[in-house]
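Next come the chains, spelled out residue by residue.
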Amino acid sequence: MKTRRLVTSILLHAVLLLGAFSALLPFFWMVITSLKVPEQMFVMPPQWLPEPVTFRNYEQLFTYIPFARQFFNTLFVTVTIVAGQLLFSSMGAYAFARLKFPGREPLFLLFLATLMVPSVVTLIPAFILVREFGWINTYMAIIGPYFLGSAFATFLLRQFMLTIPEELEEAAKIDGAGHFTIFRAVILPLVKPALAVVGVFSFIYFWNDFLWPLVVINSEAMKVLTVGIATLASSHYGTDWGVLMAGSVLTVLPLVIVFFLAQRQIVEGIATTGLKG
Amino acid sequence: MSVAVATSISPPRRLSLAMRRDWLPALVFLLPNLVSIGLFTLIPVVAGFFLSFTSWDMLSDPQWIGLDNYVRMLSDRQFWNSLGNTLVYTLIVIPGGLALSLLLALALNSKIKGTAIYQAIFFLPYVSSTVAIALVWKWIYHPDYGVLNSILGFFGIAGVDWLTNRGTALGSVAVVQIWQTAGYNMVLFLAGLRAIPKEYYEAAKLDGSTPFQTFWSITVPLLMPTIFFVTTTSIIASFQVFNLIYVMTSGGPGTSTKVYVYYLWESGFSFFKMGYASALAYVLFVIILAVTLLQVRFLGRNRAMGA
């Protein structure tokens, strides 16, 4: 019995270690390659450690494409979208969770129904609309469609608000507070955990978004990182793996930081939004 | 509480008063959302439907051509090719992804040390940007200097041109999707496993059933809703694969990895066949909607919607 438990334990650890190794190896290889000189990159068998360590690839990256600008673009549009979604979707969520108005249920169902629409379906008409607005190659093209909230964020926040007991608003109501005061002073502080989850997920989603910015932006200076490094990879620098890996490292790094800061929210968010609730 | 009770037990006249009082703030609170969803989801869904009955190159005015786009699809070899590639891709991703994520979840569920660290590591690929991931894997798959062929060489196995070989390209990309989403699915499975009452396992142990029997007669049946949820969401995601293909193969070699959304994007934004691309989008919409409705049917609205 004891030996069987030992064998099981060893087997479990082997599975997990192998999994962890496979999950991390590409990241390791990305960082290592980005620090190598070309002579060390194109050799067989591959060298596991860079020698000498060089930052040449990072320097090259900033001269091949306007990388600093693209990094700023990505940060700017992502943060703006996240801020907009948190504010406007929590407002919408408040209306669905606390206000009584005619047509509330059908409207909520309509919001839910839009979650079933894959983004590819709206891609072409939304592109035409954005072009009509004259937004092509501007920040508005990327921010505009998402800034005023999304059905998903509104839905999640509404679900969370419904779990807040209404008694907590009673005192404010007796004091004669209006809906705006109740929303700002009572509800918003209480939904902070849900805001964190929605914020982190939106940040990751919009930082990584590719197809939409690919379609609405074509000038180098306005590109976001995902499109920037994909363009670099399909240019004549496409075989300069050190530079491509340097670009990948810097694209992934902010996400890794956000992930480690908000790991608990992410895992709990998925476990609850994915199935339970 | 008193207000809530008052509205629910008072006569309808009072209720309509509350409704009349609330509609203006409701409108103000909802207006931003309504603009966003109306302008960038609802109108495009309707507009896309009408566009799919037109021929439009974005230079001249759109021409109404009725069902021609849909009829043309039937004899469009590229359409069937992309649909077939997408299907094959999905058929690789689903079983591979399910098995891997379930295996990891089972291993983590056994009260092992360092669960949180493992969970974080497995999850890292999922939060990383697909474009960067695709580039790294393209480098790993490199026929001459890639790590993969080097490792295989170590075991005396000859290298393969993973991404430039018709036989391996689609599968190689599918492996990256499995790798990237395993951690996400694992978290879902872990939540599902933890929801199974311990008593069932204790009862099985008393009956002297082997771990293998326990797995098939207790874990799998009770995990069915999670398995179903993970399967359907993975199907929906696989049917929309684009980023990995764009970066790793651009649909090649030949058209062997040209998947549905890649063909759609190419039709619309390389060949400016906006009407045809809209028709392609609507066919995909119907396919995905069918899977979604299946999910709603079996799991109930709230679960399928992710609540």
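Residues numbered from 1 in each chain as written. Chains lettered and ligands numbered in written order. Predicted model: local features only at pLDDT ≥ 70, side-chain atom pairs only at ≥ 80, totals over all residues.

**Re the overall build of chain A**
Line of reasoning, step 1. Within chain A, the secondary structure is distributed over 15 helices and zero strands.
Line of reasoning, step 2. Here the C-alpha atoms of chain A give a radius of gyration of 24 Å, more than 25% beyond the 19 Å that 2.2 N^0.38 yields for 277 residues.
Line of reasoning, step 3. With respect to the principal axes defined by its C-alpha atoms, chain A has extents near 75 × 70 × 35 Å.
Line of reasoning, step 4. Across the 277 residues of chain A, 44% fall into the buried class. (Helix = DSSP H or I, 4+ residues; strand = E, 2+ residues; numbered from the N terminus. Rg over C-alpha atoms; globule rule 2.2 N^0.38 Å. Buried ≥ 20, exposed ≤ 12 C-beta atoms within 10 Å, placed from the backbone.)

**A short note on the overall build of chain B**
Line of reasoning, step 1. The secondary structure content of chain B amounts to 14 helices and two strands.
Line of reasoning, step 2. Taken over the C-alpha trace, chain B has a radius of gyration of 25 Å; the compact-globule value for 307 residues is 19 Å, which it surpasses by more than 25%.
Line of reasoning, step 3. Counting across all 307 residues of chain B, residues that qualify as buried make up 40%.
Line of reasoning, step 4. Considering only contacts in chain B between residues 6 or more positions apart, those separated by 24 or more positions represent 68%. (Contact = placed C-beta atoms within 7 Å.)

**Here's the deal with the nonpolar core**
Line of reasoning, step 1. Ranked by size, the top nonpolar core spans 154 residues in total, and within it Leu135 and Ala281 of chain B carry the most contacts.
Line of reasoning, step 2. Ignoring sequence-local partners within four residues, the contact set of alanine 281 of chain B consists of Val120, Val121, Leu123 and Ile124 of chain A together with Gly48 and Leu264 of chain B. (Core = buried A, V, L, I, M, F, W, Y, C linked by C-beta atoms within 7 Å.)

**A few points about the domain arrangement of chain B**
Often, the extent of an interface is quoted as the loss of accessible area on bringing the components together.
Line of reasoning, step 1. Partitioning chain B into structural domains gives domain 1 (2-51) and domain 2 (76-304).
Line of reasoning, step 2. For domain 1 of chain B versus domain 2 of chain B, the separation of C-alpha centres amounts to 38 Å. (Domains from an automatic or database assignment.)

**Quick notes on the environment of methionine 274 of chain B**
Line of reasoning, step 1. With respect to the helices, strands and loops of the structure, methionine 274 of chain B is situated in helix α13 (residues 274-299).
Line of reasoning, step 2. The spatial distance from the C-alpha of methionine 274 of chain B to the C-alpha of glycine 254 of chain B is 24 Å, given a sequence separation of 20 residues.
Line of reasoning, step 3. Dropping the residues within four chain positions of it, methionine 274 of chain B is found in contact with Ile124 of chain A together with Leu51, Trp56, Met58 and Gly268 of chain B.

**Considerations on unusual backbone geometry**
Line of reasoning, step 1. With omega at 0°, the peptide bond leading from glutamate 51 of chain A into proline 52 of chain A counts as cis.
Line of reasoning, step 2. Here proline 52 of chain A shows up in the loop between α2 (38-41) and α3 (56-64).
Line of reasoning, step 3. The omega angle of the peptide bond from glycine 252 of chain B to proline 253 of chain B is -5°, so this bond is cis rather than trans.
Line of reasoning, step 4. Residue placement: proline 253 of chain B occurs in the loop between α11 (243-248) and α12 (260-269).

**Section: the interface of chain A and chain B**
Line of reasoning, step 1. Of the residues lining the interface, 80 residues belong to chain A; the matching set on chain B comes to 81 residues.
Line of reasoning, step 2. Ranked by residues supplied to the side of chain A that touches chain B, first place goes to helix α1 (residues 2-34) of chain A with twelve residues.
Line of reasoning, step 3. Each residue belonging to the side of chain A that touches chain B can be placed in one class, and the counts come to 56 nonpolar, 19 polar and five charged. (Nonpolar A, V, L, I, M, F, W, Y, C, P; charged D, E, K, R; others polar.)

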